[in-house]
Amino acid sequence: MSTFLLILITGLGLGALYFLVASGLSLIYGLMGVLNFAHGAFLTIGAFTGLWVSTKVFPNPTTWTFIAAMIAGGITAGLFALLMEQLVINRLYNRHIDQALVTVGVSLVATALLGGWFGFDARFLPTPLWFMKAVTIGDAIIPIDRFIYIGVSAILLIAMLSILKFTRIGLIIRAGVENRSMVTALGINVRMAFSTVFFIGGFAAGVGGVLISVFSYGVSPLMGGSWLIYGFIVVVVGGMGSVAGSAIAAMLIGVTNQFANYYVPGLGDFVVVIILAAVLLTKPSGLLGKVSH
Amino acid sequence: MLRWKYSRPLLIAITVIFAILPFAGDNPLSKAGLQQTMAVAFLFGALALTYDLLFGFTGLLSFGHALYFASGIYVTAILINDFNWHFLLAILGAVIFTAFLAVLTGSAALRTTGITFAMVTLAFGQAGHVVIARDFGDFTNGDDGLPVNADRLPDFFIGVVNTKYLYLLALGILVFIYFAAWWITESSAGRVFAALRDNEQRVSVLGLNPNRFKLLSFVLSAAMAALIGAAMLIVSGSASPRYASADITIALLLMVILGGPVTRWGAVLGGIVYSVLSTRLNVLSEGSAFDSLPSFIGGPLSEPAFTLGLIFILIVMFAPGGISGAYYRARFKYLNKGK
Amino acid sequence: MSSLEVKDLHVTINGSHILQGVNFFVPENKVTALLGRNGVGKSTTLKAIMGLNPGTGTIKFGGTEIVAMPTHKIVQMGLGYVPEDREIFASLTVKENLALAERDEKPNYELVYSLFPELLTRTGQRAGTLSGGQQQMVAIARALLNKNKILLIDEPTKGLAPKLVTEVANALAHVADHSTMLIVEQNLALVKAIAQNIIVMDQGKVVFEGGPENLQDDSFVKSMLGVSGGHK
């Protein structure tokens, strides 16, 4: 029972990290039809910003400095995403394949830039000491970082859903995911919505980058690439354009991954891609998908 | 037509020159180092062409092409090492195995289209990568890679002095793949592939089953990728999980875009240029070429991905069609000037 | 200033030359009906005016060239559009669908709810679960919320039950009284009731412009529209 609980919560923690990567990918794809390969770079940029804040700006890590690191990581990544959208994506209006290709280029350049500046060796991101502790639930001993991932993701999930539900730009985004040309035919300039999803997506990925640095014990320019693939998988399983779908799929995949790895070490990743193939072949639009571009 | 009437003789002449150079006295290509670099580049040129067959000619955006390349490498290595097959038989076995694998995965993936298809192929590709890197079934030796048993290869492929034969092997494979791709794309099936890319409805109206032709294109390019993989095993001496990673497929995409899709020679050139650039830029960065620059410029410049990524962005944004596209545009202008 | 002038409009979609030099004029404060057989390019013409299909040629709205303008700017000039097949947002509620369409300081909800009282009882319902007729009401309501200078309406009664056709037709007749309108419609009875001008298209071109009285002539209807009259 204690092992079960440990694996379950670890899986949910992993899923929470997946969600931070996937939510933005999903919104961007759902609204704009752009498969954003630079999303991994957003994550990495967030992680490096977090590292900078946690080592140079505030050398003595406390809970508050860690929160500052997450926010700084989110904002930097969000601004980078916004910049990319304005400078590159916007100029390739409606050329979806080219937009996807150009994000591949941005991802290569950003990774190489960070690698050239900081090297490819993983660097340790200092955290407050209590992150290393564990809590006891029943007879299960569970490392506390899992709860941090879950908590932060839950806050961001609620924030994103609130923006989508209660603001005008959120209404435009939801409508645009369904039928973008009709939104313009109501006299709405969807460019604002594009910029918004890129910033929100970049922000979530940036915060995710800081947390992933804690999870995987280091910051490295290459960290974005491998998480991006799992981000894609979560998005596709959850349904393109659906934030709630991404959240459910992320949890499902995180938990499955951990249980499979427990029984056969290394099997987790394999099971995940098989889930992906199975979902796509039976329901190509994903669990909660509205669009199938 | 845009084709220059001497383009074919020129292509043959270039090929012959490349084939002779390693044996023609003292020149850059008589050195084993560059021969090895070029051999790998030729194979990537050929591999890019097989990807162009899918992406450019048929309009299928696959993110799992590396799977078939890796399957060619690994199955050949396993058949040679563990089953003691003759290397030619092993290559044949690997190509047939990969073709079957492509029939299975391709017919499943082709139930979807567009981005979903890209994601399903990515999933299969990743599954393959996991199987290889985690060594399920104790065949692949995991992350350490799998050196091919040199005793089972002919002597003229072994040793630094014989690199020129590896070079010839790679060039030969490239020529073979080029002709195969030429034959396929100019055949009636090839015309259907092109029609599928442009307008799938029209093909089904003609009474042809679009999916069957897509599968044909998928399997053919996979089988060719497997053959190239087998050659890569011999050229590089060992199989490694990185050949199965999604990075390889993305690199192939970059190569095709760099050279320009749907022109055949564009993809090959893109593959060769990309491969040579990434190797040579690496060498440059290990030397002192960038030492005189301030480190915030020199650091990124010494990363091949930085330069390649930048070139790639510029091509997508300002020069669609890549190298071959630019050539045809220039030629089009030139031809119209005469009128 | 709400007349619409289309000159030499060409549209090519996926290699098919759908509009081959369309010319017509929609006068101010009148209802003009755009008629023709299926597939002659009526919907494409409306979409081209709205900037939803890229076209070449001249489209002047109140004297301003709008042919290469982005769709949202065209709409902001005062063109209301009710597309074929409604294109309401299925996952949004009725209220959200309408809220999205608000452009004016004071959107005219009174007009909308007086024309379609049924919508008032369903504001919280997801639009995708509405009947076809109710969806059409939402689509028309979106265009009526704002003070548009011209309404472009594409087959508003298509696929509706007879009772709903009457309701939609009454609403349109009410609005038609005081606005410029270009309407694509197969229901000739409705056209006769509200239109002051008719334009007939065939194979990507305009082949007739004139008054609706021509529709009384069976041979005209048969040769132009390929249907046998509106008399039953």
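Just so we're clear, the structure is a prediction, and the values are computed from it rather than from any experiment. (Residues numbered from 1 in each chain as written. Chains lettered and ligands numbered in written order. Predicted model: local features only at pLDDT ≥ 70, side-chain atom pairs only at ≥ 80, totals over all residues.)

How should the overall build of chain C be read in this particular structure?
Scanning chain C from terminus to terminus reveals nine helices and ten strands. Principal-axis analysis of the C-alpha atoms places the extent of chain C at approximately 45 × 45 × 35 Å. (Helix = DSSP H or I, 4+ residues; strand = E, 2+ residues; numbered from the N terminus.)

Just checking my understanding: could you explain the sheet that holds strand β1 (residues 4-13) of chain C for this structure?
The pairing of strands in a sheet comes from backbone hydrogen bonds and takes either a parallel or an antiparallel form. All names here are of chain C. What the four strands build is an open sheet, ordered β2-β1-β4-β5; its pairing is antiparallel. At either margin of the open sheet sits one strand with a lone partner, and together these are β2 (16-26) and β5 (64-65). Seen against the sheet, helix α1 (residues 42-50) touches β1, β2 and β4 (56-61) and runs at an angle of roughly 75° to β2. (Pairing = 2+ DSSP bridges. Contact = placed C-beta atoms within 7 Å. Axes fitted to C-alpha atoms, helices over the stretch in contact; angles between N-to-C directions.)

How do you make sense of the sheet that holds strand β6 (residues 79-82) of chain C when you look at a structure like this?
All names here are of chain C. Read across the sheet, six strands follow the order β6-β7-β8-β3-β9-β10 without closing on themselves; strand pairing throughout is mixed. Of all the strands in the sheet, just β6 and β10 (205-210) have a single pairing partner and so form its edges. Pairwise comparison of adjacent strand axes, ignoring direction, gives a mean angle of 15° for this sheet. Where strand β3 (residues 31-35) meets strand β8 (residues 180-184), four bridges bridge the pair, whose relative direction is parallel. Across the sheet, the residue bridging to Ala-33 is Ile-183, located in β8. Contacts between helix α6 (residues 132-144) and the sheet are confined to β6 and β7 (150-154), with β6 contributing the most and set at about 180° to the helix.

I keep staring at the interface of chain B and chain A and nothing clicks. Help me out?
One widely used convention gives an interface's size as the accessible area the parts lose upon coming together. Between chain B and chain A, the residue contacts involve 35 residues of the former and 34 residues of the latter. Residue assignment for the side of chain B that touches chain A shows that the elements contributing at least two residues are α5 (114-134), α10 (246-259), α12 (295-301) and α13 (304-318) of chain B. Class assignment for the residues of the side of chain B that touches chain A results in 25 nonpolar, seven polar and three charged. (Nonpolar A, V, L, I, M, F, W, Y, C, P; charged D, E, K, R; others polar.)

What am I meant to see in the pairing of β3 of chain C here?
If a strand is regular, its side chains alternate between the two faces of the sheet. Residue and element names in this part refer to chain C. Counted residue by residue, β3 has five buried out of five residues, so it is predominantly covered. Of the two faces of β3, both are covered, the one formed by Val-31, Ala-33 and Leu-35 as well as the one formed by Thr-32 and Leu-34. Sheet analysis places β3 next to strand β9 (residues 197-202), joined by four bridges and oriented parallel. If you follow Ala-33 over to β9, its bridge partner there is Ile-198. (Buried ≥ 20, exposed ≤ 12 C-beta atoms within 10 Å, placed from the backbone.)

Hey, could you run me through the confidence of the model for chain B in this one?
Detailed reading of the predicted coordinates is not advisable wherever pLDDT falls low. For chain B, per-residue confidence averages 87 on the pLDDT scale, and residues scoring 70 or more make up 93% of the total. The least confident element of chain B, judged by mean pLDDT, is α12 of chain B at 69; the most confident is helix α3 (residues 65-81) of chain B at 96. (pLDDT = per-residue confidence, 0-100.)

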